[in-house]
Structures are given as structure tokens and as C-alpha cells.
Amino acid sequence: MARNAPGMPGLDYKDYYAVLGVPRTASQAEIKKAFRKLARQHHPDAKPGDITAEQRFKEVNEANEVLGDPPKRKQYDELGANWEALSRARAAGAGGPGGGPFAGSGGPGGNVRYQFHTTADAGEFSDFFRVFFGEDAGAEVHQAAGPRRGTRPTGGPGFEEILAGMGLGSQGFGTTPAGGGTRPTRPQPPPAAEARAEISLDEAYHGTTRLVEVEGKRLEVTIPPGADTGTKIRLTGKAPGGGDLFVVVRQLPDARFTRRGADLERELPLTLEEALLGAEVRVGTLKGSVLLKIPAGTQSGRTFRLTGQGMPKFKANGHGDLYVKARMILPTDLSDEASAAARRFFELADQPDPR
């Protein structure tokens, strides 16, 4: 979706949500996922020489530059409906009629020239992006001549006054305090902190709690079922200074099971009789014991899948599976009589050479 903003010829309104193909209610994770998919699809390396794909790639990057940055996304969402008034405010603040969003002269005592220096090619971002976010778009404004930076021609309202009349603040939209000086910056969030918690496989299965200590302060954290090594539990505002505390989980190795995400693996020792003639044997799981029917002639290394006997899925419904691998244990220290019986058996058993 695009339209020209009144008073701003040729300047298109960019619907960044439409560019990424996500609803306005999309989470940051959904926006990130959509951006990665489209960036891979339209990357110039994937379509060399395709001008349309190159332009689409730039549009996708620009949309992610805004929607992927929560403060910028908030500005975009709040001023989307007020874009026309914002455009007129930009034009008026830049020198009156005909001034345009990047004009630098006009009015008594004008003679102001501005230069824009960006860290990227000027074609990387649309005019809409640069006008909407001002210096936040990556441009740094330097006054080359004329009045001090931040002054405006007399005889008309400035950008700050017009935004104030709209009920909007000017901070964060590329303006500079009157008289020059340092431009206001957005308040930085309190720093986050990190702690670690080790748990056993059984605790990962059932869920547990841990006490963590951060700068002398002890906190109890609940670790949900299904947590795995690398899982982060977020405690909002619990870090020193009021930031968020992230508790990183490490699951300790288990002697019985090997974990693969929500699935588990284990070995099942079988006697020669059980493997050769078949049997029902008990298999230990994290829920308890279950009976597994072993078919006659089971080879060592054969794997059986026990559906739903794995780990609970982290913050989701259902369980993974348990994979049981047969391992045959042969008898040792045979007596002379047993050895003779074995020879008679192998004379009767017709087994081709497996090599």
C-alpha cells in the first residue's frame, strides 16, 4: 500500500506491514521470521541481475529497519494515521511552502545549507523513511552556513509547535533543541543480567524450581517442564537496576537416556533367548515402566519407537518419543555341556554367512 502524502509531491506512504506480509498485531518474532524469509527469497545473490528482486530486497530491509526496532515501530504505529499532518509539519518546519522535508533555506535570515551523511548508500532507504524518522534513519545533519542549527525562520509556527498542536511530542523525530546543543535521545532500558541453573533430566521432565543469587540477592525461579540446555527463563525487572534477569538452564547428562530435543534414546539389553525366540520385556521410561514386545529374531541394533514416552514439549502440548535400541548380551563362560549343545544347535540352524 502506498499513497502520496498531501503537500509532499512524489512522497509515498510505505505500509511496512504489507511489505513484510504480516498483520499489524504481529509479534517481533513473527516480523523477524517474515523478514528472514523474504530477504533470502529476494537477495541479489539469489537472483543476480534481477532489478525487481533488488528493489524488493531494499523494501524488505527498510520495513525491517522500522518494524524490527520496537521504538521505531511504536512511532510508526502511532503516527500512521497522522502522517498527513506530520508531512505538513515537516514542510512548515523546513522553511514554509515549497521548502519540503529536506529544504534548508527560506524566510528572513535564511541562507542555511544542510548536508546529509549516511553510513549506507542513499538509495537504501526511501524518502518516506528519511522524512518520517529524520536523523534516526541513519543520517547525520551538519549545518554548513547560516544560523545556528535548530533555528527556524521567523513569522510562522515551527515543527515543535505544530506537533504540540497535534498532541504529539517532537522528541525522537529528528529535531534539535532550539539554540543547538545535543539532540534528545531515547531513554535506554535498564541493563539485563544473567544467571545459570543446572537441572537433572528428571527435573527437566517434571519441572522444578531453583534459587539463583545475583549480587547478593537470592531469587526463586520456576523452571517449566521440557526445559533444555540453553533455555532462558525471563524474570522481568528482577535484575539489579530494574532490568530483566535471564536464567539460562543447563541440563546435566543422564546415565540412562540421551536427549534429542523432546525425544529420548536409550539402549535395551536383551538375552540371546529373548532376541532369538522373542519375549515381552520391561522398559524404563521417565513416566514409569512399560512392556515392549520383542519379535523373534530381533537383531542387535534394532530400534523400537515408543510414541509419547519422551520429554514434554517446552511451553507446548504433547510429548516427544522414546527410541529404544536393542543390544544383545551373549552368555559367557559356557560349560562343556552348554558348548556342545550350542554346536548341535548351530548345526541345525541354517544361517548364511552375513559377511
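Parameters at a glance
- Residues take numbers from 1 onward in each chain, read along the sequence in its written order.
- In keeping with the model being predicted, local features are shown solely for residues with a pLDDT of at least 70 and side-chain atom pairs are shown and tallied solely at 80 or more, while totals for entire chains, interfaces and linings include all residues.
- Only hydrogens and water are set aside; all other atoms, that is, all heavy atoms of the structure, feed into the side-chain values.
- A pair of strands is treated as paired once DSSP finds two or more bridges between them.
- Each helix is a run of H or I in the DSSP string that is no shorter than four residues. Each strand is a run of E no shorter than two, and both are numbered from the N terminus.
- Axis angles are defined between N-to-C directions and span 0 to 180 degrees, where every axis is a line fitted to C-alpha atoms and, for a helix, only to the segment in contact.
- A helix is expected to span 1.5 Å multiplied by its residue count minus one.
- Each residue gets one of three labels from its accessible area relative to the maximum for its type: buried under 20%, exposed over 50%, partly exposed in between, using a 1.4 Å probe on protein chains only.
- For this analysis, a ring pair means two rings from Phe, Tyr or Trp (six-membered ring only for Trp) whose centres lie within 6.5 Å, classed as stacked if their planes differ by under 30 degrees, edge-to-face if by over 60, and tilted for the remaining angles.
- Should any heavy atoms of two residues lie within 4.5 Å, those residues are counted as being in contact.
- Relative orientations are named as follows: roughly parallel for angles under 35 degrees, roughly antiparallel for angles over 145 degrees, roughly perpendicular for angles from 65 to 115 degrees, and oblique for any other angle.
- Side-chain classes follow a simple rule in which Ala, Val, Leu, Ile, Met, Phe, Trp, Tyr, Cys and Pro form the nonpolar group, Asp, Glu, Lys and Arg form the charged group, and the remainder, Gly included, forms the polar group.
- Any pair of N or O atoms that falls within 3.5 Å is considered a polar contact. Within protein, one atom must be able to donate a hydrogen and the other to accept it, and sequence-neighbouring residues count only if both atoms are side-chain atoms.
- Candidate patch residues must exceed 30% relative accessible area and have no salt bridge, after which like charges are joined if within 9 Å and Val, Leu, Ile, Met, Phe, Trp or Tyr side chains if within 5 Å.
- Accessible areas in this description were obtained via Shrake-Rupley with a 1.4 Å probe; residue shielding takes into account the shown protein chains only.
- Take a side-chain nitrogen of Lys or Arg and a carboxyl oxygen of Asp or Glu: if they are within 4 Å of each other, that pair is a salt bridge.

**Some points on the sheet that holds strand β7 (residues 245-251)**
Piece 1. Spatially, three strands are ordered β3-β7-β6 in an open sheet, and the strand pairing comes out mixed. What marks the edges here is a single partner per strand, and that holds for β3 (193-199) and β6 (232-235). Neighbour-to-neighbour, the strand axes of this sheet turn through a mean angle of 25°, independent of strand direction.
Piece 2. Pairing between β3 and β7: seven bridges, direction parallel. Its bridge partner being in β7, A197 is matched across the sheet by V249.

**Structural notes on helix α10 (residues 336-348)**
Piece 1. Taking 1.5 Å per residue as the helical rise, α10 with its 13 residues ought to reach 18 Å, and the 19 Å between its terminal C-alpha atoms agrees with that figure.
Piece 2. For α10, the tally of buried residues reaches only one of 13 residues, placing the bulk of the element at the surface.

**Things to note about the sheet that holds strand β12 (residues 303-306)**
Piece 1. Spatially, four strands are ordered β8-β9-β13-β12 in an open sheet, and the strand pairing comes out mixed. Two strands in the sheet have a free side with no partner beyond their single neighbour: β8 (258-260) and β12. Strand-to-strand twist in this sheet, taken as the mean axis angle between neighbours without regard to direction, amounts to 30°.
Piece 2. Across four bridges, β12 lies against strand β13 (residues 322-329) in antiparallel orientation. Bridge pairing in β13 places L306 opposite L322.

**Looking at the packing of aromatic side chains**
Piece 1. Evaluation of the coordinates by the stated rule reveals three aromatic pairs.
Piece 2. Seen in terms of ring centroids, Y16 and Y76 are 5.0 Å apart; in terms of plane orientation they differ by 40°. Their pairing is tilted. Residue Y16 is found in helix α1 (residues 16-20), and its partner Y76 is found in helix α4 (residues 70-79); the two are separated by 60 residues along the sequence. For the pair Y16 and Y76, a shared accessibility class is recorded, and that class is buried.
Piece 3. Plain terms: the ring middles of Y17 and Y76 are 6.1 Å apart, the flat faces sit at 45° to each other, and that makes the pair tilted. Of this pair, Y17 sits in helix α1 while Y76 sits in helix α4, and the two are 59 residues apart along the sequence. Residues Y17 and Y76 agree in their burial class; the two are buried.
Piece 4. A network of ring pairs unites the aromatic residues Y16, Y17 and Y76 as a single cluster.

**Structural notes on the environment of G278**
Piece 1. Mapped onto the fold, G278 is located in the loop between α9 (272-277) and β10 (279-284).
Piece 2. A relative accessible area of 24% places G278 in the partly exposed class.
Piece 3. Distance from G278 to T298, taken between C-alpha atoms, is 7.4 Å for residues 20 residues apart in sequence.
Piece 4. G278 has contacts with E273, I294, P295 and A296, leaving out every residue within four places of it along the chain.

**Comments concerning helix α3 (residues 51-67)**
Piece 1. Taking 1.5 Å as the rise per residue, α3 with 17 residues should run 24 Å; its terminal C-alpha atoms sit 24 Å apart, in good agreement.
Piece 2. Those residues of α3 that sit buried are A53, F57, K58, V60, E62, A63, V66 and L67.

**With respect to the packing of α3 against α4**
Piece 1. It is the contact of α3 with α4, at a shortest axis distance of 6 Å, that shows an interaxial angle of 95°. Considering their axes alone, α3 and α4 lie roughly perpendicular with respect to each other. Within the contact between the two elements, α3 uses E65, V66 and L67 and α4 uses K72, R73 and Y76.
Piece 2. Residue composition of the contact of α3 with α4, by class: three nonpolar, no polar and three charged.

**Side note on the environment of E194**
Piece 1. Locating E194 in the fold gives a position in strand β3.
Piece 2. For E194, a relative accessible area of 45% gives the class partly exposed.
Piece 3. C-alpha separation for the pair E194 and A239, spaced 45 residues apart in sequence, amounts to 8.1 Å.
Piece 4. Not counting residues within four places of it along the chain, the set of residues in contact with E194 comprises K232, L245, F246 and V248.
Piece 5. In terms of polar contacts, E194 uses its side chain to reach the side chain of R196, at 3.4 Å.

**What about a nonpolar patch on the surface?**
Piece 1. Taken together, L272, L276, L277, L330, F345 and F346 make up a surface patch of nonpolar side chains, about 590 Å² in accessible area.
Piece 2. Residue assignment for the nonpolar patch shows that the elements contributing at least two residues are α9 and α10.
Piece 3. No other element matches α9, which puts three residues into the nonpolar patch.
Piece 4. Along the chain, the position of F346 falls in helix α10.
Piece 5. Of the residues examined, F346 reaches a relative accessible area of 53% and is grouped as exposed.

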